[in-house]
Amino acid sequence: MEKPPLLDGEDGSVLAESRSDVALVSADEEGSAGAHGQEDDRPAWDSKLQYVLAQVGFSVGLGNVWRFPYLCHQNGGGAFMLLYVMLLLIIGVPLFFMELAAGQSIRQGSIGVWKHISPRLAGIGYSSCMVCFFVALYYNVIIAWSLFYMGNSFQYPLPWEQCPVDMISNQTVKECAASSPTSYFWFRKALDISDSIDQSGEFNPILTGCLLAAWAIVCLAMIKGIKSSAKVMYFSSVFPYAVLICFLIRGLMLDGAIEGIKYMFYPKLEIWGEVQVWRQAATQVFFALGLGYGSVIAYSSYNPVHNNCHRDAIMVSGINFMTSVLASLVVFVVLGFRAKNIALNCVATSTVALRRSCFSFFFSQGVEGTGLAFIAFTEAMALFPASPFWSTLFFLMLLNLGLSTMFGTMQGILTPLMDNFRVLGRHKTMLTVCSCILGFFIGLLFTQRSGNYFVTMFDDYSATLPLIIVVVFETVSVAWIYGADRFLDDVEVMLRWRPPVVYCYLWKYVCLLGMVGLLAASLLRMVFKRPTYTAWNHTTGSETSLEYPGWALVMLSTLIIVASLPVPVGYLLSFLRGGQSLPVEEGEVQPPRERYSKYNSSEPEPNNHHSPLDEDRNRPRSTFLHLGAEHYVLLPQQEDGEEEEEEEEDTGL
C-alpha cells in the first residue's frame, strides 16, 4: 500500500534536513550551529574509535571472564557455545541494534527515548535507571576487592601461597588447614566474613578504604562526562586484551593446558534437551550485551545521526563473543594446570589411570564468579614463576574490566537524568559527584562482615528480573505499539539504507517470545526454589548453602519491586492523565517535522498527541514521529536531484 502524502514543508526543508549530515556539536564549541541554525549543546564522541571502545568496554565485563567459562564447562562445552551463538544472532543482535538505533536517532537517555516512542511506557527508562543504580552499588565493591588484591600482589611470596601459623600454638591456623591458603585469605583476610547473613559484624576498614578509592576513580573519570571517561577507555578497554593474550601464551606452556582445552571444547549435544541450559544461555546473551540498562542507549545518543549503528551492533556483539572465547581459553588452560598439579600431589605414588581419574575429578569441580577469580585463579598463579608479576597483571585486568563496565553503568544513570531534568542538566559535575558520594555511603552495606552475602543478593535479584521485564516492554513498545515497520522506516531514513526486513519479524515474534519465555522460566525458578546463598563456615573451613531468613526475603523482594515498579506506575499515571497516547484523528493534517534533532524530554509534552512543535519554542522533535501509518509524507523533490529523490519517496519519517 502506498502511504498518502501530507503537506510538504516550505522550500523542501524536510528533504534538505534528511539529506544533510547533521553533526553533533560539543557544548564547548561555541558558535557551532545544529540543524537550521540551532545550537546543539549535546556532547559528541571525538572519534568512532572512542565510541566503539566505550560500547565494547561496557559490554565486555567480569561476566566474560568468570561466568561464561563456567557455563561452558557445566553445560556441554562446544555444544553450549553453539547454542549461545544461535541465541546471540536471533535475539541478542536484533535487540542490541534496536537500542542503538533508538538512542542514536532520538539522542536522549533511556527516559527520554521510551517517553518519546511510547509515552504510556515512559516508566521503562526510570526502571533502567533504578537497575543501573543497584548494579553500580555492588559492582564497585568488586572493583574494591580487585584493588585490595592488586595491592597485596606487590610482595613475594604472595600472602595467599601458604597458610599462616598461629603464634600461640605455633601450628597452622585450623581454618586454613581445613580449606586452602587461597580460600583462607579470601574469606578471612580479605572479607573477614561472618558465618551467615544474620551476623552483620563491624565494618572492614581496609575494604572501606578500597571502596572509597574505587568511587573516587569513577568520579574523577566521569566528572566531565564522556569527554573525560572516553579518554580513560583507551586504556581500560584495551589493556584487558593484552593481559588475556599474555596469559594465554604463558598458559599454553603449562603442563595440563591441553587437557583443559579439551574439557572446554568437547561437545555434549544432549544438553540441548535441557530447559535449564537454554535459560542460562539466554541469560548470558542478555547480560553480556548489557541490554535494558540504558547504557547502550546513552552511549549511542552521542553519535552522529547517520552513523551506521547496524554495523556497530554486529561488530560489538562479535567482539563480545570472541572475548568470551578468549577468556575461556585462558581460564581453562590455567585451571587445567591447577587441576593437574593437585592431582599429581594427591596421587604421587599411584598409577597413571588413578592419576587421570583424580585430574578429571578436580577439573570437574567447576567454579565461577568470585570463587574463580579470587580463589581458583589465585591458587594457580601462585604456582607460576614470578607469581607477583602475573598476579598484579591479573587483578589490574579485573580492575579495568570492572571500571569500563562501571563507566557505562553510571552513564545509564546520569545521561537520562541530565536529559530529562533541566536543573540536573545544568549541574552535571555536581550530579556526578553527589551520585558517587551517595553510592559510597550506601555501599558501606557491602563492607561489613556479612557484606559478601549482600553482594550475592544484589547480583542475583536486583537486576535479573527487572531487566528482563524492561526489555520485554522495550520490545513491545517498538515492535507492536510504535510498529516494527515504522521503526525500520525511521532507521532507513537515518542510515540512508534499509536494514533487512527480517528484523521486523525478529522483533515482533522471536525476540519477544524469547524474552517472555526467559521471564517465565526465571519467575518459576524463584517460586518453586526458595532463594539460597552460599555461606562460609569458619569451623569446618568450607562453604555451605543456607536459606535466606525472612527479613532478607523481604529485602530481595523489595529490590525487585522497586526496580520494576516504574513501568506500571508510569502507565497508570499516563492513563489517568489521558490524551497523551490517543491516536491522531483521521483527516487531521500535521505540520512538517524536522528530523534528527535533540528531543528534550524535560519540557512538557503537548496536550494533543499530534502536535509536532511546542508553540513557545522552535526545537523540533526527533525522528521517531507520533504519526499514524496513514500520515507518512512523500518527500518533495529537489531541483537538482529528481532521479535520486525518487528512490526515497516511500521512505518513512
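Residues numbered from 1 in each chain as written. Predicted model: local features only at pLDDT ≥ 70, side-chain atom pairs only at ≥ 80, totals over all residues. Heavy atoms only, no water.

S.K.: Describe the packing of helix H14 (residues 275–288) against helix H24 (residues 502–528), with residues and values.
M.R.: The contact between H14 and H24 brings their axes to 10 Å, and the two run at 115°. At the point where H14 passes H24, the crossing takes the left-handed sense. Residues Gln 276, Arg 279, Ala 282, Thr 283 and Phe 286 of H14 form the contact with H24, whose own contacting residues are Met 515, Leu 518, Ala 521 and Arg 525. Residues of the contact of H14 with H24, tallied by class, amount to 5 nonpolar, 2 polar and 2 charged. (Axes fitted to C-alpha atoms, helices over the stretch in contact; angles between N-to-C directions. Helix = DSSP H or I, 4+ residues; strand = E, 2+ residues; numbered from the N terminus. Left-handed = near helix turned anticlockwise from the far one by under 90°. Contact = heavy atoms within 4.5 Å. Nonpolar A, V, L, I, M, F, W, Y, C, P; charged D, E, K, R; others polar.)

S.K.: Any chance you could break down the packing of helix H23 (residues 464–495) against helix H25 (residues 550–564) for me, citing the residues and the numbers?
M.R.: Running from N to C, H23 and H25 cross one another at 20°; their axes reach a closest spacing of 8 Å. On the basis of their axis angle, the class for H23 and H25 is roughly parallel. Like other packed secondary-structure pairs, H23 and H25 cross with a definite hand, here right-handed. Seen from H23, the contacting residues are Leu 465, Pro 466 and Ile 469; seen from H25, they are Ile 560, Ala 563 and Ser 564. Taken together, the residues of the contact of H23 with H25 sort by class into 5 nonpolar, 1 polar and no charged. (Parallel < 35°, antiparallel > 145°, perpendicular 65-115°, else oblique.)

S.K.: Lay out the UniProt feature "binding site: Na(+) 2" (unreviewed entry) in the protein with the relevant residues and their values.
M.R.: Sites flagged by UniProt as "binding site: Na(+) 2" (unreviewed entry) map to Asn 320. Along the chain, Asn 320 falls in helix H16 (residues 309–346). The contacts of Asn 320, once residues within four sequence positions are left out, are Ser 59, Val 60, Asn 64, Tyr 84, Ala 288 and Leu 289. At a separation of 3.2 Å, a polar atom in the side chain of Asn 320 contacts the side chain of Asn 64. (UniProt positions renumbered as here; feature names shortened; annotations may be inferred. Polar contact = N/O pair within 3.5 Å; in protein donor to acceptor, adjacent residues only side chain to side chain.)

S.K.: Tell me about the side chain of Ser 59, and name the residues and values.
M.R.: By the element assignment, Ser 59 lies in helix H2 (residues 48–59). We classify Ser 59 as buried; its relative accessible area is 5%. A polar contact is formed between the side chain of Ser 59 and the backbone oxygen of Val 56, at a distance of 3.3 Å. If we ignore the near neighbours within four places in the chain, the residues touching Ser 59 are Asn 64, Ala 288, Leu 289, Val 316 and Asn 320. (Buried < 20%, exposed > 50% of the residue type's maximum accessible area, 1.4 Å probe, protein only.)

S.K.: Report on the pairing of strand E1 (residues 532–537), specifying residues and quantitative values.
M.R.: Taken together, the 6 bridges between E1 and strand E2 (residues 542–547) define a ladder with antiparallel strand orientation. Looking at E2, one finds that Trp 536 is bridged to Glu 543. Between E1 and E2, which pair antiparallel in sequence order, lie 4 residues; one of them, Gly 541, sits at a positive phi of approximately 65°. (Pairing = 2+ DSSP bridges.)

S.K.: Break down the packing of aromatic side chains for me, citing the residues and quoting the values.
M.R.: Counted under the stated rule, the structure contains 47 aromatic pairs. Relative to Phe 374, the ring of Trp 145 has its centre 6.1 Å away and its plane inclined at 90°; by these criteria the two rings are edge-to-face. Linking Trp 145 in helix H7 (residues 123–152) with Phe 374 in helix H18 (residues 369–381), this pair joins segments that are 229 residues apart in sequence. With relative accessibility at 2%, the residue Trp 145 sits in the buried group. Looking at Phe 374, the relative accessible area reads 0%, which means it is buried. Between the aromatic rings of Phe 374 and Phe 395, the centroid separation amounts to 5.9 Å while the plane-to-plane angle is 15°, which identifies the pairing as stacked. Residue Phe 374 is found in helix H18, and its partner Phe 395 is found in helix H19 (residues 387–420); the two are separated by 21 residues along the sequence. Here the two residues Phe 374 and Phe 395 agree in accessibility, since each one is buried. Its guanidinium or amino end placed over the ring of Phe 384, Arg 250 lies 5.7 Å from that ring's centre, counting from NZ or CZ. (Phe/Tyr/Trp six-rings, centres within 6.5 Å; stacked < 30°, edge-to-face > 60°. Lys NZ or Arg CZ within 6 Å of the ring centre and 35° of its normal.)

S.K.: Could you give an account of the UniProt feature "binding site: Na(+) 1" (unreviewed entry) in the protein, naming the residues involved and the relevant values?
M.R.: In this structure's numbering, the residues bearing the UniProt feature "binding site: Na(+) 1" (unreviewed entry) are Gly 57, Val 60, Asn 64 and Leu 401. Despite a sequence span of 345 residues, these residues sit close together in the fold, their greatest C-alpha distance being 11.4 Å. Along the chain, Gly 57 falls in helix H2. Residues contacting Gly 57, with those up to four places away along its chain left out, are Ser 237, Ser 404 and Thr 405. Considering the arrangement of structural elements, one finds Asn 64 in helix H3 (residues 62–66). Sequence-distant contacts of Asn 64, that is, excluding residues within four places in its chain, are made with Ser 59, Pro 69, Asn 320, Ser 324 and Ala 327.

S.K.: Explain the confidence of the model for the protein to me, and be specific about the residues and the numbers.
M.R.: Confidence in the prediction of the protein, expressed as mean pLDDT, is 78, and 78% of residues score 70 or more. The low-confidence segment residues 1–39, where pLDDT is below 50, has 82 contacts with residues more than four positions distant or belonging to other chains. Scored below 50 in pLDDT, residues 579–653 makes 187 contacts in the model with residues more than four places away or belonging to other chains. (pLDDT = per-residue confidence, 0-100.)

S.K.: Describe in detail the pattern of salt bridges, supporting the description with residues and values.
M.R.: Side chains carrying opposite charge are able to pair once their charged atoms draw close together. One pass over the full model with this rule turns up 8 salt bridges. A salt bridge links Asp 312 to Lys 48; its shortest N-O distance comes to 3.1 Å. Residue Asp 312 is located in helix H16, and its partner Lys 48 is located in helix H2; the two are separated by 264 residues in the primary sequence. Residue classification places Lys 48 among the partly exposed positions, given a relative accessible area of 31%. Across the salt bridge formed by Glu 547 and Arg 530, the nearest N and O atoms sit 2.9 Å from each other. In this pair, Glu 547 is assigned in strand E2 and Arg 530 in the loop between H24 and E1, connecting sequence segments 17 residues apart. According to the relative accessible area criterion, Arg 530 is partly exposed, its value standing at 39%. Each member of the salt-bridge network shares a partner with another, and the members are Glu 175, Arg 188, Asp 192 and Arg 449. (Salt bridge = Lys/Arg side-chain N within 4 Å of Asp/Glu carboxyl O.)

S.K.: Explain the state of the cysteines to me, and be specific about the residues and the numbers.
M.R.: Scanning the entire structure with this criterion turns up 1 disulfide. Take Cys 129: it sits in no disulfide, and the sulfur closest to it among the cysteines is that of Cys 132, at 6.6 Å. Judged by relative accessible area, Cys 129 falls into the buried class, the value being 9%. Cys 219 provides the cysteine sulfur closest to Cys 436, a residue in no disulfide bond, and the two sulfurs are 4.2 Å apart. Taking the relative accessible area as the measure of exposure, Cys 436 reaches 4% and is therefore buried. (Disulfide = S-S within 2.5 Å.)

S.K.: Any details on the environment of Met 381? Residues and values, ideally.
M.R.: You can see Met 381 is positioned in helix H18. When the C-alpha positions of Met 381 and Leu 335 are compared, they lie 9.9 Å apart, and in sequence the two are 46 residues distant. Apart from the residues within four sequence positions on either side, Met 381 is in contact with Phe 247, Ser 387, Trp 390, Ser 391, Phe 394 and Phe 395.

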